[in-house]
Amino acid sequence: MAGSVNKVILVGNLGKDPEIRTTQGGEKIVNFTMATSETWNDRASGERKERTEWHRVVVFNDRIADVVEKYVKKGAKVYVEGALQTRKWTDQAGQEKYTTEVVIGKFKGELTMLDTRGSGGGEDGGGYQPRERAATPARQPTRAGAGGGGPQWDAPKGGDLDDEIPF
């Protein structure tokens, strides 16, 4: 293999509110921790077990940082896609320390909100529309059925959808 891949995908919940800092150049840096959990039944005892892993996430992308700052709070469920990066520093006692973080860089990575807990309340969800609800030219939501569980689109006319597929 000529190259290599450094890609991490996590789905979990924030452990506390994100920390937002601004560099001298005006760029935002967001730090937060998120938890992922796995559960299983212990074969010996039949008892339900759970293990939680905590992950440090750093966002260097201003657009994503703006969304996190406005809408993401403690407990929010998010999808994060980034790269692993290990940093080294020396603490006040002179000891070398290491930390591994999931980094969402300026041009790589993604963060998607998976619930609306941190959406700011209100009927319009604070002005943020999740990707799956954003209207596209190919799929315009209809007014019919408004007030239902989510957007609805016009189905193709006719009973057999196979006739509508061009390939």
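Look up a bit, the structure's there.
Residues numbered from 1 in each chain as written. Predicted model: local features only at pLDDT ≥ 70, side-chain atom pairs only at ≥ 80, totals over all residues. Heavy atoms only, no water.

## Points about the overall build of the protein chain
We apply this condition: Secondary structure elements are taken from DSSP: a helix is a run of H or I of four residues or more, a strand is a run of E of two residues or more, and numbering for both begins at the N terminus. Burial classes follow relative accessibility: with a 1.4 Å probe on protein chains only, a residue under 20% of its type's maximum area counts as buried, one over 50% as exposed, and anything between as partly exposed. Residue contacts are counted whenever heavy atoms from the two residues lie within 4.5 Å of one another.
Helix and strand content of the protein chain: one helix and seven strands. In sequence order, the protein chain lays out its α and β elements as β-β-β-β-α-β-β-β. Relative to its full complement of 167 residues, the protein chain shows a buried share of 26%. In the protein chain, the share of contacts with a sequence separation of at least 24, taken over all contacts with a separation of at least 6, comes to 53%.

## Things to note about the nonpolar core
Just so we agree on the cut-off: Buried Ala, Val, Leu, Ile, Met, Phe, Trp, Tyr and Cys residues form a nonpolar core when they are joined through side-chain atoms within 4.5 Å.
Counting residues in each nonpolar core, the largest one holds 20 residues, and the members touching the most others are Phe-32, Val-57, Val-59, Val-72, Val-80 and Leu-111. Secondary structure elements with two or more residues in this core: β1 (8-14), β3 (28-41), β4 (48-59), α1 (62-71), β5 (77-90), β6 (96-104) and β7 (110-113).

## Re the environment of Glu-47
Along the chain, Glu-47 turns up in the loop between β3 and β4. Accessibility expressed as a relative area gives 45% for Glu-47, which makes it partly exposed. When neighbours within four sequence positions are excluded, Glu-47 is seen to be in contact with Trp-40, Asn-41 and Asp-42.

## Here's the deal with the side chain of Lys-28
What counts is decided by this rule: Whenever two N or O atoms come within 3.5 Å, that pair is a polar contact, provided that in protein one can donate a hydrogen and the other can accept it, and provided that, for residues adjacent in sequence, both atoms are side-chain atoms.
Turning to its location among the elements, Lys-28 is positioned in strand β3. At 2.7 Å, the side chain of Lys-28 forms a polar contact with the side chain of Asp-66. Within polar-contact distance, the side chain of Lys-28 engages the side chain of Glu-69 at 2.4 Å. Setting aside residues up to four positions removed in sequence, Lys-28 forms contacts with Ile-20, Arg-21, Thr-22, Val-59, Phe-60, Asp-62, Ala-65, Asp-66 and Glu-69.

## Quick word on the pattern of salt bridges
How we decide: Salt bridge, as applied in this entry: a Lys or Arg side-chain nitrogen positioned within 4 Å of an Asp or Glu carboxyl oxygen.
The tally for this structure, following the rule as stated, stands at nine salt bridges. A salt bridge links Glu-69 to Lys-28; the nearest nitrogen and oxygen atoms lie 2.4 Å apart. Within this pair, whereas Glu-69 is found in helix α1, its partner Lys-28 is found in strand β3, the two being separated by 41 residues in sequence. Among the residues examined, Glu-69 registers a relative accessible area of 33% and is labelled partly exposed. Ionic pairing is found between Lys-88 and Glu-96, a salt bridge with its closest N-O pair at 3.5 Å. Since its relative accessible area comes to 46%, Glu-96 is described here as partly exposed. Look at the salt bridges and you will find they share partners, linking Lys-28, Asp-66 and Glu-69 into a network.

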